[in-house]
Structures are given as C-alpha cells and as structure tokens.
Amino acid sequence: MFEIRHVQPQDIFSVVKIAYESLPERYSPEVFNKFYELFSEGFLVAEKLHKIVGFIVGIKTSNGIARIPLLSVDKKFRKQGIGSALITQFLKEMSLQNIRQVELEVRINNDAAIKFYKKHGFDVIETVPRFYPTGEDACIMKRVLRSC
Ligand SMILES: CC(C)(COP(=O)(O)OP(=O)(O)OC[C@H]1O[C@@H](n2cnc3c(N)ncnc32)[C@H](O)[C@@H]1OP(=O)(O)O)[C@@H](O)C(=O)NCCC(=O)NCCS
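Remember, it's a predicted structure, so these values are computed and weren't measured experimentally. (Residues numbered from 1 in each chain as written. Predicted model: local features only at pLDDT ≥ 70, side-chain atom pairs only at ≥ 80, totals over all residues. Heavy atoms only, no water.)

1. Thoughts on the site of the ligand
The condition that has to hold: We call a residue near a molecule or strand as soon as one heavy atom of that residue lies within 4 Å of the molecule or strand. Any pair of nitrogen or oxygen atoms within 3.5 Å is treated as a polar contact; in protein, a donor-acceptor pairing is required on top of that, and neighbouring residues in sequence qualify only through side-chain atoms on both sides. The protein chains shown are the only cover counted for residues, whose accessible areas, like all others here, come from Shrake-Rupley with a 1.4 Å probe. Detection works on a 1 Å grid of protein atoms alone, calling trapped sets that fit a 1.4 Å probe cavities and calling open sets with protein on both sides within 12 Å along at least five of seven lines pockets, with lining residues defined by an atom within 4 Å of a point. Any molecule with more than half of its atoms within 2 Å of a cavity's or pocket's grid points is regarded as sitting in that cavity or pocket. The helix and strand labels rest on DSSP assignments: H or I over at least four residues marks a helix, E over at least two residues marks a strand, and numbering proceeds from the N terminus. Side-chain classes are defined by residue name, with Ala, Val, Leu, Ile, Met, Phe, Trp, Tyr, Cys and Pro counting as nonpolar, Asp, Glu, Lys and Arg as charged, and the others, Gly among them, as polar.
If you check the shell around the ligand, you find 18 residues, and the closest are Leu71, Lys79, Gly83, Ser84 and Asn110. Take Arg78: an N or O atom from its side chain is 3.4 Å from an oxygen atom of the ligand. In this structure, Gly83 approaches the ligand through a main-chain N or O atom, which is 2.8 Å from an oxygen atom. Burial of the ligand by the surrounding chains reaches 78%, relative to a free accessible area of 910 Å². A molecule is said to occupy a pocket when more than half its atoms come within 2 Å of that pocket's grid points, and by this definition the ligand occupies the largest pocket. Listing elements by their share of the shell around the ligand, those giving two or more residues are strand E4 (65-73), helix H3 (82-96) and helix H4 (111-119). For the shell around the ligand, the per-class residue count stands at eight nonpolar, six polar and four charged.

Here you go:
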C-alpha cells in the first residue's frame with residue numbers, strides 16, 4: 001500500500017532523484033523548494049514503505065487556473081495506480097482551493113502520459129509546435145473542475 005500526502009522539505013531530495021531518473025529536463029533542489037514555498041497545497045508525494053515513489057507539482061497561474069508542471073512515478077513503481085492516486089488527490093485539493101480549471105503540457109510522443117491524463121478527464125485542446133528546447137511539439141491538455 002502507499003499513502004498520498006503533502007510534501008515535506010525532507011522529501012525534496014527523493015523527489016529530485018525521481019525527476020532526474022524519469023524526466024528529460026534537469027531540475028535542481030532549489031526549483032522544488034521554490035514550488036514548495038509558492039504553493040505547497042499543490043505539491044504531493046506518494047510514500048510506500050517509508051520511501052518516496054512519486055510526486056506531483058501544481059502551481060496557481062491566474063484566477064482559478066492551476067497548472068501541473070511536473071508529475072512522475074519512480075520507474076519501479078509504475079502501473080500500480082500511484083500516478084492515478086496522486087492526480088486524484090491533487091484534483092480534490094484544487095477543488096478545495098477554488099480552482100476551476102487545470103492545464104498542463106506534455107510531449108506529443110509521450111503516449112503513456114497522454115493516455116494517463118485522458119483517463120483522468122483531461123482533453124487535448126491544442127498542440128504547440130517546437131514547444132520544448134529539444135524542438136519537440138507539446139500537447140496542451142485541460143480539465144475543467146467547475147464552470148464559472
Ligand atoms: C505518466 C505516469 C505518471 C503514470 O504513472 P503510473 O503510476 O504508472 O499510472 P497508473 O498506474 O495510475 O496508470 C493509470 C492509467 O494511465 C495509463 N497509463 C499509465 N502508464 C501507461 C503506459 N506505460 N502505457 C499506456 N498507458 C499508460 C493507463 O490508462 C493506466 O490505466 P490502466 O492501468 O487501467 O491501463 C508515469 O508513467 C510516469 O512517471 N511517466 C514519466 C514522467 C511523465 O511522463 N510525466 C508526465 C509528463 S510531466
């Protein structure tokens with residue numbers, strides 16, 4: 001079993017490690033500390049047997065809108081429902097924060113993530129050519145939590 005909870009400062013090292021192993025971009029601990037300072041309600045971790053096995057980072061962008069810049073599950077613990085538990089809890093938190101819409105971008109060839117987000121009620125609203133520094137295109141995805 002695993003538990004979903006708000007991140008604590010002592011979790012940041014484990015979060016950086018998972019990000020390093022599973023995402024193409026490089027993020028320093030300072031970046032995650034900043035996310036924690038800015039909006040800790042949107043930063044959740046999954047813990048299994050005292051080990052951090054996944055995380056989600058959300059930010060508030062403008063009135064009633066949140067974004068998910070980062071979501072990752074340790075490779076060894078994927079396909080066990082941990083990502084689903086993270087995003088489900090995150091969406092509940094966002095509703096409590098009066099967020100009405102959640103947006104994110106994902107690489108157009110990241111089939112697993114696109115399928116994952118669609119399963120959780122997100123729709124592709126736009127594609128942006130050469131969005132990433134690598135020249136890859138992005139899908140912008142959105143989920144409405146409540147109408148205005
Ligand atoms: C996307 C990610 C977070 C999913 O985490 P997870 O814990 O494995 O997801 P779950 O076990 O909750 O899967 C839920 C659903 O997502 C979809 N899914 C997850 N992994 C998939 C894969 N490799 N291929 C196809 N669909 C997949 C399936 O619909 C799955 O439902 P199912 O198990 O009934 O088929 C994980 O693959 C990951 O960390 N990827 C690398 C980082 C990344 O791409 N992040 C998103 C962009 S920032």
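2. Here we look at H3
Definition in use: A helix is expected to reach a length of 1.5 Å times the quantity of its residues less one. When accessible area is computed with a 1.4 Å probe and restricted to protein chains, residues below 20% of their type maximum are described as buried, those above 50% as exposed, and intermediate ones as partly exposed. Within this analysis, the arc is defined by the directions that extend from the helix axis to the C-beta atoms.
Spanning 15 residues, H3 covers 21 Å between terminal C-alpha atoms, matching the ideal 21 Å at 1.5 Å per step. Among all positions of H3, only Ile82, Gly83, Leu86, Ile87, Phe90, Leu91, Glu93 and Met94 are buried. Viewed end-on, H3 has its buried residues packed into an arc of 165°, placing them on one side of the element. Residues of H3 that are exposed and point more than 90 degrees away from the buried face comprise Lys92 and Leu96. Positioned one or two residues after H3, Asn98 has a phi angle of 65°, which is positive.

Honestly, that's just the spatial picture; any functional story needs more than this.
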